[in-house]
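# Summary of structural features
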Amino acid sequence: EVQLQESGPGLVKPSQSLSLTCSVTGYSITSNSWGWIRKFPGNKMEWIGHMSSSASTSYNPSLIRRISITRDTSKNQFFLQLNSVTTEDTATYYCARSYTTDYYYVMDAWGQGASVTVSS
Amino acid sequence: DIQMTQSPPSLSASLGETVSIECRASEDIYSNLAWYQQKSGKSPQLLIYYASSLQDGVPSRFSGSGSGTQYSLKISGMQPEDEGVYYCLQGSKYPFTFGSGTKLEIK
């Protein structure tokens, strides 16, 4: 059974970078796509981006100038870096496994989430 | 971006009642729609994909329907464990976008 676990600092200062790690067990990250989603206070959900099995990336255009998704296949981990954070980046960040067919896209396994607060 | 308009924002249902949640897309998403349930303090769980396909392990009281721009999730017989926030997600076009969520409570 695949399991995902986010880790990273819970508090980040404005203008600094947010770095999160997603550790995956029970499934290789060289298969499927692996991505990040965040949930803001008040329930709004936002798709951040993902990395495919071939390591190509797709990012939300609203964040494209500030984000990077990378991976370490030897550790079966993938990472999110979000630069120049503001208080509006305060959210719970989830990592998830996804797959795409000719007809649909789905995220079928999620981590428990990492709460990140941006504050001085 | 494709806008997903989800309704209602909140819903209160009695035990055994049938409830429906709607999502309308701002353009045709060709059934590329998933439904998720998120219980308090937990991560989202996939219920339905490709508009009407039931994810393995999900109770059969959950069903999805729709096409084009209009989609719905139906729970046939509300159970206490169905309380939570429900989201739709379109995967037709980048960036993928979520509905605003429906908070479902038992009456």
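As a reminder, the structure under discussion sits directly above these lines.
Below is a summary of the structure that appears in this document. (Residues numbered from 1 in each chain as written. Chains lettered and ligands numbered in written order. Predicted model: local features only at pLDDT ≥ 70, side-chain atom pairs only at ≥ 80, totals over all residues. Heavy atoms only, no water.)

Time to look at the overall build of chain A. Of regular secondary structure, chain A possesses 0 helices and 11 strands. A compact globule built from 120 residues would reach a C-alpha radius of gyration of about 14 Å, and chain A, at 14 Å, matches this within 12%. Structurally, chain A occupies a C-alpha span of about 40 × 30 × 25 Å along its principal axes. Counting the 120 residues in chain A, one finds 48% classified as buried. Sequence-distant contacts, at least 24 apart, represent 53% of the contacts inside chain A between residues at least 6 apart. One finds the centroid of the 9 positive side-chain charges in chain A at a distance of 7 Å from the centroid of its 8 negative side-chain charges. (Helix = DSSP H or I, 4+ residues; strand = E, 2+ residues; numbered from the N terminus. Rg over C-alpha atoms; globule rule 2.2 N^0.38 Å. Buried < 20%, exposed > 50% of the residue type's maximum accessible area, 1.4 Å probe, protein only. Contact = heavy atoms within 4.5 Å. Lys, Arg positive; Asp, Glu negative; His and termini not counted. Charge placed at Lys NZ, Arg CZ, Asp CG, Glu CD.)

Turning our eyes to something else, we now look at the environment of Asp 28 of chain B. All names here are of chain B. With respect to the helices, strands and loops of the structure, Asp 28 is situated in the loop between β3 (18-25) and β4 (33-38). Those residues within four positions of Asp 28 in sequence are excluded, and the remaining contacts are Gly 68, Thr 69 and Ser 92. From its side chain, Asp 28 meets the backbone nitrogen of Tyr 30 in a polar contact 2.8 Å long. (Polar contact = N/O pair within 3.5 Å; in protein donor to acceptor, adjacent residues only side chain to side chain.)

Applying the stated rule across the entire model yields 8 salt bridges over all chains. The shortest N-O distance in the salt bridge between Arg 61 of chain B and Glu 81 of chain B comes to 3.6 Å. Of this pair, Arg 61 of chain B sits in the loop between β6 (53-54) and β7 (62-67) while Glu 81 of chain B sits in the loop between β8 (70-76) and β9 (84-90), and the two are 20 residues apart along the sequence. The class for Arg 61 of chain B is buried, based on a relative accessible area of 17%. On the basis of relative accessibility, which here comes to 41%, the residue Glu 81 of chain B falls in the partly exposed class. For Lys 103 of chain B, the salt bridge is made with Glu 105 of chain B, and the minimal N-O distance between the two is 3.8 Å. It is possible to trace a salt-bridge network through shared partners that takes in Arg 38, Glu 46, Arg 66 and Asp 89 of chain A. (Salt bridge = Lys/Arg side-chain N within 4 Å of Asp/Glu carboxyl O.)

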